[in-house]
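The primary structure of each chain is shown beneath.
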Amino acid sequence: ASHHRKGPVEVEGPNDRGLFRATCAFNTGQVRGREMTATGPWRADKESAAEDGEALRRAYLSGGNQALTELKNGLYAAAGAAPPPSKKESPADVAAAAAASGGSAAGGG
């Protein structure tokens, strides 16, 4: 197929802050042509982003979506960032979770 990506792991960036991140596309095999994309956290250098991408690829190949999700959450936690919402969560769910966590709560006095 000529529409294949350049490779399983690509590095995106630099963004407007000079950061890079890995993006990996996986054919889920469930539906013909269906792809799942995993994105790593923003990193200060291209090499770190590429390492994240290889780790995400290995996790998916060895343990499927569950292993991929666990690793991705760990990478974001280590980077001090929140992972992007999964495709299963709607924006309303994400907003409700952010409100419930008290992210915008004002301190009383």
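A short tour of the structure in this document, coming up. Every chain's residues receive numbers from 1 upward, in the order its sequence appears when written. Where local features are concerned, this predicted model is filtered to residues with pLDDT of at least 70; where side-chain atom pairs are given and counted, the filter is 80 or more; whole-chain, interface and lining totals use all residues. Water and hydrogen atoms play no part in the side-chain values, which are based on all heavy atoms of the structure.

What follows is about the pattern of salt bridges. Take a side-chain nitrogen of Lys or Arg and a carboxyl oxygen of Asp or Glu: if they are within 4 Å of each other, that pair is a salt bridge. Here the structure, examined in full by the defined rule, presents three salt bridges. With a closest N to O distance of 3.2 Å, Glu12 and Arg21 form a salt bridge. Only protein chains enter the accessibility calculation, which uses a 1.4 Å probe. A residue is then buried if its area is under 20% of the maximum for its type, exposed if over 50%, and partly exposed in between. Here Arg21 falls in the partly exposed class, since its relative accessible area comes to 22%. A salt bridge links Arg43 to Asp52; the nearest nitrogen and oxygen atoms lie 2.6 Å apart. Asp52 matches Arg43 in its accessibility class, with the two residues each being buried.

Turning our attention to the sheet that holds strand E2 (residues 21-27). If you walk across this open sheet you meet the three strands as E1-E2-E3, and the pairing is antiparallel. This sheet does not close on itself; its edge strands, each paired only once, are strand E1 (9-12) and strand E3 (35-39). The sheet shows a mean angle of 25° between the axes of neighbouring strands, direction not considered. If DSSP finds at least two bridges between two strands, the strands pair. Under the DSSP-based scheme used, a helix requires at least four consecutive residues in state H or I and a strand at least two consecutive residues in state E, with every element numbered from the N terminus. Pairing analysis gives four bridges linking E1 to E2, with the strands arranged antiparallel. Pairing of Glu10 across the sheet is with Thr23, part of E2. Only heavy atoms matter for contacts: two residues are in contact if any of them lie within 4.5 Å across the pair. Only the stretch in contact is used when a helix axis is fitted, and all axes are lines through C-alpha atoms; the angle between N-to-C directions ranges over 0 to 180 degrees. Packing against the sheet, helix H1 (residues 46-79) makes contact with E1, E2 and E3, and its axis sits at approximately 35° to E2.

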